[in-house]
Each structure stands twice: as C-alpha cells, then as structure tokens.
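Descriptive structure summary
So the chains spell out like this:
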Amino acid sequence: LLRASEYHVKWSFDRISRKVSDKINTCADKLNACVHEILRDRQFTKGSKNNIDWELTKQNIEYALYNGNDIQSVIVGLPFKMPTILKCENCKADLSEVGFLLQLYEFCQVLELLIKKYIAPDWTMKAKFLIVTDGQRFKDMIGIDDAEISSYHQSINQWIKWLSLDCRIE
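The notes below deal with the structure included here. (Residues numbered from 1 in each chain as written. Predicted model: local features only at pLDDT ≥ 70, side-chain atom pairs only at ≥ 80, totals over all residues. Heavy atoms only, no water.)

This part is about the overall build of the chain. Along its length, the chain carries six helices and two strands. For the chain, the N- to C-terminal ordering of α and β elements is α-α-α-β-α-β-α-α. For the chain, the spread of C-alpha atoms along the principal axes amounts to about 55 × 30 × 30 Å. Out of the 170 residues in the chain, the part that is buried amounts to 42%. Looking at the chain alone, contacts between residues at least 24 apart form 71% of all its contacts between residues at least 6 apart. In the form shown here, the chain has an accessible surface area of approximately 10,100 Å², with 53% of it arising from carbon and sulfur atoms. With 23 positive and 23 negative side-chain charges, the chain shows a separation of 6 Å between the mean positions of the two kinds. (Helix = DSSP H or I, 4+ residues; strand = E, 2+ residues; numbered from the N terminus. Buried < 20%, exposed > 50% of the residue type's maximum accessible area, 1.4 Å probe, protein only. Contact = heavy atoms within 4.5 Å. Areas by Shrake-Rupley, 256 points an atom, 1.4 Å probe, with all protein chains shown as cover. Lys, Arg positive; Asp, Glu negative; His and termini not counted. Charge placed at Lys NZ, Arg CZ, Asp CG, Glu CD.)

Structure follows, in structure tokens:
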C-alpha cells in the first residue's frame, strides 16, 4: 500500500506540477497557481469547487509559510462504519477507509512538494489533516452504539499508526 501510495504521489506531483508550470508562465502568483491546481485536481477534490474559499485558503498557507508553521487542514469524515452485510461484518475500518487516509496523506505530500518547488524551497514543515468525526451525532439514526463508534475510531487510528501516517494525519 505504501509503495503504491509513494508511486501515486510522484505521478500526481509530476502531473500537477506541469499544470502549475504552465500557469506560472501566464501569472505571477505562484502560490495561487499551486493552490488552484491541487484543489481543482479531481484526484483530491471531487465536490464543487464553489465551496472553497480560495482567498482564505491562500492566506492561511501564506501565514504558515511566513511563520514557519505546518499547514493545517480540517476535514469532516469517517464518522462511523455503516453497518451493512454487503460491506462489512464488523465495525472496523477496511481498505476503503485506508484508501481515504492515503489520499489525504498523498495530498499533503504533493502540496509540500509543490510549495518546495515553486514557493519556499527551504520550508521544512508539513501539511497536515485533522479528521473530525461526528458519528455520535448520527448513531441513533443508523442504530449503532458508542462501543461500535469507539472500535471504529480505534481501528482508524491503528491504520494511521501501521502506515506511519501520524506525522500528517490525526
């Protein structure tokens, strides 16, 4: 999984980097070009691009770079394992969740590579994701209990540790 993920990071970076290089030739704002290309890429953003506050995103990244901070993002996801006989027999994370975690990790790595190539070659910090889960909110509606939610979260955390993603995902 990690070897495939590393290959995918390289492939995604090369592909997005070519687009950024083309854009930089027509606009002076390198950060804007990087942010737009990675957030518009179908690999990383599948929903509406109208929901992205482009200026705020750019300002937050500029602030992190200027102050030598990590770039921190928050995503709501992975609230609970939907109990269905077709998908699972228990409430533990499976490879679909692992794929999501790796996708977040790959996004972080590609963003870091773009920043180091085009904007701040000496930046040594990381891009990170905090996953906020809201399974407690929906547990009664779908008929799962606190123990199942806890077990699910523990299994997600175990995958994060097994794959050594904890430097970028929490």
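With that out of the way, let us pick up unusual backbone geometry. The general pattern is negative phi for most residues beyond glycine and trans for most peptide bonds. At Ser-164, a position not held by glycine, the phi torsion is positive, near 55°. Within the element layout of this structure, Ser-164 appears in the segment after α6 (146–162). Taking relative accessible area as the criterion, Ser-164 reaches 45% and is therefore assigned partly exposed.

Before going further, it helps to spend a moment on the packing of helix α2 (residues 30–40) against helix α4 (residues 95–118). When two helices pack together, their arrangement is given by the angle between the helix axes and the distance between those axes. Between α2 and α4, the shortest axis-to-axis distance is 10 Å and the interhelical angle comes to 160°. Viewed along their axes, α2 and α4 adopt a mutual orientation that is roughly antiparallel. Judged by the sense of rotation from one axis to the other, the crossing of α2 with α4 is right-handed. Taking contact as the criterion, the partners of Lys-30, Cys-34, Ile-38 and Leu-39 in α2 are, on α4, Phe-107, Val-110, Leu-111, Leu-114 and Tyr-118. When its residues are assigned to classes, the contact of α2 with α4 shows eight nonpolar, no polar and one charged. (Axes fitted to C-alpha atoms, helices over the stretch in contact; angles between N-to-C directions. Parallel < 35°, antiparallel > 145°, perpendicular 65-115°, else oblique. Left-handed = near helix turned anticlockwise from the far one by under 90°. Nonpolar A, V, L, I, M, F, W, Y, C, P; charged D, E, K, R; others polar.)

With that out of the way, let us pick up the environment of Thr-26. Inspection of the secondary structure puts Thr-26 in the loop between α1 (2–24) and α2. Note: C-alpha distance between Thr-26 and Gln-59 (33 residues apart in sequence) is 21 Å.

This part is about a nonpolar patch on the surface. A cluster of nonpolar side chains, contributed by Val-74, Val-76, Leu-130 and Val-132, occupies part of the molecular surface with about 330 Å² of accessible area. Looking at the nonpolar patch, the elements with two or more residues in it are β1 (71–76) and β2 (127–132). Structurally, Val-76 can be placed in strand β1. (Patch = residues over 30% accessible without salt bridge, like charges linked within 9 Å, V, L, I, M, F, W, Y side chains within 5 Å. Salt bridge = Lys/Arg side-chain N within 4 Å of Asp/Glu carboxyl O.)

Inspection of the secondary structure puts Leu-56 in helix α3 (residues 54–67). For the pair Leu-56 and Lys-126, spaced 70 residues apart in sequence, the C-alpha separation works out to 19 Å.

Once that is clear, we can look at the pairing of β2. Only one face of β2 is covered, namely the face carrying Ala-127, Phe-129 and Ile-131; the face carrying Lys-128, Leu-130 and Val-132 is uncovered. As paired strands, β1 and β2 are joined by six bridges and run parallel to one another. Bridge assignment links Val-76 to a residue of β2, and that residue is Val-132. (Pairing = 2+ DSSP bridges.)

Across its 17 residues, α6 extends 24 Å between first and last C-alpha, which sits within 8% of the 24 Å expected from 1.5 Å per residue. Contact partners of the buried residues in α6: α4 and α5 (135–142). Among the residues of α6, the N-terminal cap falls to Asp-145, whose side-chain oxygen and the backbone nitrogen of Ala-147 are separated by 3.2 Å. Backbone geometry just downstream of α6 places Ser-164 in the positive-phi region, at approximately 55°. (Expected span 1.5 Å × (residues − 1). Polar contact = N/O pair within 3.5 Å; in protein donor to acceptor, adjacent residues only side chain to side chain.)

Functional significance is not addressed by these values, which are geometric in nature.
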